[in-house]
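Residue-level listing of the chains:
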Amino acid sequence: MRYAYYPGCSLHSMETAYDRSVKAVCKHLGVELWEIPDWVCCGASSGHSMGHLVGLAIPAKSLVKAEKEGLDVLAPCAACWQRMVWVNHEINNSPGMKEKISRAIEEEINGTSKIFSIIDFLASFGMDKIAQAVKKPLKGLKVASYYGCYYVKPPKVAHVDDPENPHLMDDLMQALGAEAINWPFKTECCGASMIFQDVDTTVSMSKKVIEMAYKAGADVIVTACPVCEMNLDMRMEQINKKFKTNFKIPVVYFTELMAYAMGSVPQQIGLDSGHCSDVQSLLAKIS
Amino acid sequence: MSSTVNLSAQQREHSDFAERVFKESGVDVLKCYQCGKCSAGCSVHICGGMDVSPNRIMRMVQLGMEEEALRTRTIWACVLCSTCTARCPRDIDIARVMDTLRIMAHKRGITEGFNNASVFHNIFMDSIIKYGRVYEAGLLVALKMKQSGTMFADLPIGIPAMINVAFRLPKLPPKMKNSDQVRRVVENCKKIEGEN
Ligand code: SF4
Ligand code: SF4
């Protein structure tokens with residue numbers, strides 16, 4: 001099995017724990033990743049704010065390379081993933097858009113590569129297959145699966161899971177032997193890139209998510225988006241100070257728990273140093 | 001003294017704005033019947049990040065209040081989480097309308113609603129046009145200088161977190177074979193959009 005891999009900027013910058021753990025899980029499952037050569041940034045929230053066409057053409061520039069290679073794409077960052085899914089959606093639903101995007105990227109694009117987020121990609125293996133690959137079951141670990149928004153909404157475009165109560169990440173955690181706790185803020189927004197514009201509002205939003213996971217009794221919050229990860233993980237001290245709370249909950253990528261359960265060593269996948277939150281308590285629990 | 005406003009008449013008289021929004025976004029804002037569900041689920045609004053609630057933005061578009069709508073903080077503060085879109089009983093893509101209004105404001109150079117947001121998008125675009133990918137360290141410095149005139153505003157993430165981040169953040173710009181790809185795409189888009 002061979003897939004085109006689009007890591008995106010965060011996975012090559014601050015969030016190498018996501019990059020490393022995705023690659024490790026794929027290796028455990030026998031998936032070969034072909035990193036799209038010379039890929040460019042997807043444009044993130046700024047690209048589409050500058051213009052509709054430019055917001056589509058920038059991610060299309062990398063997507064077309066996978067299409068030419070005849071490969072489906074794996075894009076772990078939920079934000080990058082959604083930008084790419086929009087490209088295919090608009091090519092197939094907006095008359096004239098295919099030609100406009102093709103002209104903008106100076107190559108013909110047809111929207112034929114399927115674009116997988118890492119959640120639906122791993123879920124597509126089937127939970128039995130995932131469970132079979134587990135060497136160190138995460139027995140007794142209470143996990144709050146945090147999906148964020150970009151992976152499930154808007155449902156017309158991102159239609160892989162239930163937009164209000166998604167479950168695929170919970171299923172994966174259960175396949176590892178962990179307990180997926182039931183909690184209501186699975187898709188509540190963390191504030192996303194607003195952190196660069198209005199810190200107060202963003203930490204208020206992130207605080208609601210952390211607080212709910214805490215109240216639900218989670219040992220760990222797992223994420224599937226670098227933006228969610230950064231907002232929850234990096235801002236915890238700031239949140240505690242501002243709201244006089246005492247949250248001390250580790251926030252890691254769900255792929256780190258998967259890679260670990262499948263036999264990877266924490267140091268190899270960044271599970272030791274790739275976070276600001278209290279991963280030591282997590283490691284103590286699972287080792 | 002009470003006064004009565006005939007909304008239907010108002011909408012008919014000022015439908016030009018709603019029509020242009022429809023042309024740009026494919027979304028028919030006139031379908032909105034002001035139930036308020038979009039605002040009730042909007043986390044940014046609930047946490048105080050907006051000056052005007054999302055349902056009121058829809059009403060402003062219906063009533064042709066273009067100048068007012070384009071000067072709200074809301075159109076920039078919307079993070080496009082699409083929770084509103086997923087829940088609207090009238091099947092209106094509110095997030096897409098927000099994006100469209102933001103683009104309209106940007107094209108007219110109206111940024112006073114939320115200047116920090118506009119500054120962020122411009123710096124972000126400069127970064128990827130120059131390097132092809134985001135150069136975070138450079139972006140953060142430029143951002144702090146432009147938003148608050150100093151490097152050290154808004155950084156109270158805690159000392160252990162700062163140390164961890166400083167350790168993880170790449171110091172040098174990303175390396176690519178062809179870092180000119182985004183610049184070309186952006187220029188081509190300008191040309192294509194200029195034709196219409
Ligand atoms: S949810 Fe839809 S119908 Fe209701 S106020 Fe918002 S846009 Fe209007
Ligand atoms: S897309 Fe924008 S308006 Fe809609 S819920 Fe999210 S932040 Fe609010």
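Worth saying up front: this structure is predicted, and the values here are computed from it rather than measured.

**Focus: the site of ligand 1**
All names here are of chain B. If you check the shell around ligand 1, you find 13 residues, and the closest are Cys32, Cys35, Gly36, Cys38 and Cys88. Contributions of two or more residues to the shell around ligand 1 are made by α3 (37–40) and α5 (54–62). When grouped by side-chain class, the residues that make up the shell around ligand 1 number 8 nonpolar, 3 polar and 2 charged.

**Things to note about the interface of chain B and chain A**
Listed per partner, the contact involves 67 residues of chain B and 63 residues of chain A. Carbon and sulfur atoms supply 58% of the area that chain B and chain A bury against each other, a total of about 5,500 Å² over both sides. The tally of links between chain B and chain A comes to 5 salt bridges. When the shortest N-O distance is used, the salt bridge between arginine 87 of chain B and glutamate 164 of chain A registers 2.7 Å. At the surface where chain B touches chain A, the tally comes to 27 residue pairs in polar contact (both at pLDDT 80 or more). For the side of chain B that touches chain A, the secondary structure elements donating two or more residues are α4 (43–46), α7 (74–77), α8 (83–87), α9 (94–107), α10 (115–131), α11 (136–148), α12 (159–168) and α13 (181–195) of chain B.

**A short note on the nonpolar core**
Ranked by size, the top nonpolar core spans 173 residues in total, and within it Phe121, Phe254, Leu257 and Met258 of chain A together with Leu101 of chain B carry the most contacts. Residue contacts for methionine 258 of chain A: discarding those within four places in its chain leaves Val25, Leu122, Ile130, Leu172, Met173 and Leu176 of chain A. Met14 and Met234 of chain A together with Tyr131 and Ile157 of chain B belong to the second-largest nonpolar core, a separate cluster that totals 10 residues.

**Here we look at the pattern of salt bridges**
A full pass over the atoms with the stated rule returns 27 salt bridges over all chains. Residues glutamate 15 of chain A and arginine 168 of chain B are paired through a salt bridge, measuring 2.9 Å at the closest nitrogen-oxygen approach. Here glutamate 15 of chain A, found in the loop between α1 (8–11) and α2 (16–28), pairs with arginine 168 of chain B, found in helix α12, and the two come from separate chains. With respect to class, glutamate 15 of chain A is no different from arginine 168 of chain B; both count as buried. Put simply, aspartate 91 of chain B and lysine 156 of chain A hold a salt bridge, and the shortest N to O gap is 3.2 Å. On the criterion of chain membership, the pair formed by aspartate 91 of chain B in the loop between α8 and α9 and lysine 156 of chain A in the loop between β5 (142–146) and α9 (168–175) is interchain, its members lying in two chains. Under the relative-accessibility criterion, aspartate 91 of chain B is labelled partly exposed at 47%. By relative accessible area, lysine 156 of chain A is classed as exposed at 55%. Sharing partners across several salt bridges, the network here consists of Asp16, Arg20, Glu66, Glu67, Arg71, Arg108 and Glu112 of chain B.

**Quick notes on the site of ligand 2**
Every residue close to ligand 2 is listed here: Cys42, Val44, Met50, Pro54, Cys78, Val79, Leu80, Cys81, Ser82, Cys84 and Ala95 of chain B. Looking at the shell around ligand 2, its residues break down into 10 nonpolar, 1 polar and no charged.

**Some details on the packing of aromatic side chains**
All names here are of chain A. By the definition in use, this model includes 13 aromatic pairs over all chains. Both rings, one in tyrosine 3 and one in phenylalanine 116, keep their centres 6.0 Å apart while their planes meet at 85°; by these two values the pair is edge-to-face. One end of the pair, tyrosine 3, is in strand β1 (residues 2–5); the other, phenylalanine 116, is in strand β4 (residues 115–116), and 113 residues separate them in sequence. Each of the two residues, tyrosine 3 as well as phenylalanine 116, counts as buried.

**Here's the deal with the domain arrangement of chain A**
All names here are of chain A. In terms of domain boundaries, chain A breaks down into domain 1 (2–118) and domain 2 (127–286). Just the C-alpha atoms count here: the centres of domain 1 and domain 2 sit 23 Å apart. Between domain 1 and domain 2, the residue contacts involve 25 residues of the former and 31 residues of the latter. Counting across the domain 1 and domain 2 interface gives 0 salt bridges. Across the contact surface, domain 1 and domain 2 share 10 residue pairs in polar contact (both at pLDDT 80 or more).

**Quick look at unusual backbone geometry**
Cis rather than trans, the peptide bond between lysine 153 of chain A and proline 154 of chain A has omega equal to -5°. Topologically, proline 154 of chain A is positioned in the loop between β5 and α9. In this model, alanine 44 of chain A sits at a positive phi of 50°, which is unusual for a non-glycine residue. Position of alanine 44 of chain A among the secondary structure elements: in helix α3 (residues 44–50). Take alanine 44 of chain A: its relative accessible area is 24%, and that puts it in the partly exposed class. Even without a glycine there, the phi angle at glutamine 34 of chain B is positive, about 60°. Using a relative accessible area of 23% as the deciding quantity, one classes glutamine 34 of chain B as partly exposed.

Quick notes on the rules
Residues numbered from 1 in each chain as written. Chains lettered and ligands numbered in written order. Predicted model: local features only at pLDDT ≥ 70, side-chain atom pairs only at ≥ 80, totals over all residues. Heavy atoms only, no water. Near = heavy atom within 4 Å. Helix = DSSP H or I, 4+ residues; strand = E, 2+ residues; numbered from the N terminus. Nonpolar A, V, L, I, M, F, W, Y, C, P; charged D, E, K, R; others polar. Contact = heavy atoms within 4.5 Å. Buried area = accessible area lost by both parts, 1.4 Å probe. Salt bridge = Lys/Arg side-chain N within 4 Å of Asp/Glu carboxyl O. Polar contact = N/O pair within 3.5 Å; in protein donor to acceptor, adjacent residues only side chain to side chain. Core = buried A, V, L, I, M, F, W, Y, C linked by side-chain atoms within 4.5 Å. Buried < 20%, exposed > 50% of the residue type's maximum accessible area, 1.4 Å probe, protein only. Phe/Tyr/Trp six-rings, centres within 6.5 Å; stacked < 30°, edge-to-face > 60°. Domains from an automatic or database assignment.

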